[in-house]
Amino acid sequence: MSDIFDYIKWRGDLSLEQDGFNSLDALILSRLSYLPFEDVVPNNFNHSVKLSFAAMAFSSVENRDSILWKQDPDLLKAAACPRFANARLSGYVSSIDYDSKMQFAALVFDLNNTRFVSFRGTDSSFIGWQEDFNMFTSLTLPSQLRALKYFEQAAQNTDARLILGGHSKGGNLALYSAMNSVSSIQKRIDGVYNFDGPGFHREILGSEQFGRVKDRVHSFVPQSSVFGMMLEHDEDFSIVKSTNKSFMQHDVYSWQVSGKDFVYLDRRTNSSYFISHTLDGFLEKLTDEEKESFTQAFFSVLEASDNTDFREIQKTPFSSSAAMLRALKNLDKSKRGALGKAIAKALSSAKENISDIISK
């Protein structure tokens with residue numbers, strides 16, 4: 001079985017002029033936005049560094065605590081090959097806003113006459129995950145508005161053709177930015193790549209804005225996709241074979257490659273259908289007010305651990321767990337009721353869906 005590292009080994013000696021841009025290239029550039037480039041890539045679009053320089057510089061300032069996935073630094077090192085070495089990186093931004101509950105990060109890659117705008121997905125911060133929960137009750141997220149502003153600034157800085165991409169929430173941000181950008185910028189978009197990113201509410205998918213870019217969207221999910229099946233999709237998506245199980249298929253390093261394309265399957269797994277149908281049913285059973293109450297209660301328990309990041313909880317599992325149990329015990333009646341009601345409705349939705357899955 002081959003993965004994107006094997007693709008780079010096989011195709012890395014050929015420039016993009018020799019062998020044109022493809023979906024695997026888009027995945028690589030989308031994934032690189034997860035790296036903490038604060039001390040490496042300029043935070044504006046007027047200055048840039050070569051990818052080869054970024055790979056060399058990152059190895060000397062690398063902070064392992066800031067690495068979301070252990071293979072990410074290896075991907076940057078592997079990408080410093082003739083195919084991408086001359087790509088120029090700029091506009092790196094990474095921010096968390098506790099007031100608006102926003103987590104956002106992005107950067108751009110200049111590839112000759114094309115600018116690739118790469119949006120990071122959800123990181124391990126509580127704020128990032130809380131914003132994802134808010135997606136179920138809000139038509140527009142703070143990170144989506146920030147992504148649109150970022151994209152239009154990146155597009156105004158160049159006359160190049162434009163490609164947008166992202167993994168997880170980053171794919172959702174890429175599509176949101178493309179569909180809502182002004183007409184003059186939208187006309188320059190050659191493609192939008194969404195790698196296992198959640199969809200949108202039906203109101204958005206039925207909009208004229210979405211219709212203007214729909215035929216340029218390339219969406220990919222693994223066979224047991226969970227995150228990519230959240231909310232609704234109206235664009236076609238391809239099913240990629242992963243060697244991982246269940247939720248871990250969100251890891252793009254497990255996605256299988258053949259030549260310069262993915263290995264595709266005909267359908268998703270039963271578990272993917274079960275989880276997505278159960279989640280849909282669960283959300284339909286809750287009012288928007290109940291969803292908001294559940295989210296507030298859930299994250300208030302997490303924050304009681306005195307941490308702001310899931311990785312911090314992993315470092316102090318016993319003390320963090322004890323603090324969260326105390327917080328759960330001390331929740332006021334309304335918040336405890338919101339958690340209990342949500343759990344009951346989730347179990348009810350699962351029960352309703354399991355018979356349908358077993359019969360398939």
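Below: a short report on this structure. (Residues numbered from 1 in each chain as written. Predicted model: local features only at pLDDT ≥ 70, side-chain atom pairs only at ≥ 80, totals over all residues. Heavy atoms only, no water.)

1. Describing the packing of aromatic side chains
Under the counting rule described, the total for this entry stands at 19 aromatic pairs. For the ring pair Phe119 and Tyr150, a centre distance of 6.1 Å and an interplane angle of 70° mean the geometry is edge-to-face. With Phe119 in strand β4 (residues 114–119) and Tyr150 in helix α6 (residues 142–156), this residue pair connects regions lying 31 residues apart in the sequence. Both residues of the pair, Phe119 and Tyr150, belong to the buried class. Here a set of aromatic residues connected by ring pairs shows up, and it is made of Phe21, Phe109, Phe116, Tyr193, Phe195, Phe220, Trp255, Phe262 and Tyr264. In this structure, Arg11 packs its charged tip against the face of Trp10, placed 4.0 Å from the ring centre. The positively charged end of Arg31 is found above the aromatic ring belonging to Tyr34, 3.7 Å away from the centroid. (Phe/Tyr/Trp six-rings, centres within 6.5 Å; stacked < 30°, edge-to-face > 60°. Helix = DSSP H or I, 4+ residues; strand = E, 2+ residues; numbered from the N terminus. Buried < 20%, exposed > 50% of the residue type's maximum accessible area, 1.4 Å probe, protein only. Lys NZ or Arg CZ within 6 Å of the ring centre and 35° of its normal.)

2. Comments concerning the environment of Ser168
The topology assignment puts Ser168 in the loop between β5 (161–167) and α7 (169–180). Contacts of Ser168, omitting those with residues within four sequence positions, involve Tyr34, Gly121, Thr122, Asn194, Phe195, Asp196, Gly197, Pro198 and His250. (Contact = heavy atoms within 4.5 Å.)

3. Looking at helix α2 (residues 23–32)
Among the 10 residues that make up α2, 10 are buried, leaving the element largely enclosed by the rest of the structure. Taken residue by residue, α2 has Ser23, Leu24, Asp25, Ala26, Leu27, Ile28, Leu29, Ser30, Arg31 and Leu32 as its buried positions. A distance of 2.9 Å separates the backbone nitrogen of Leu24 from a side-chain oxygen at the start of α2, and that oxygen is part of Asn22. (Polar contact = N/O pair within 3.5 Å; in protein donor to acceptor, adjacent residues only side chain to side chain.)

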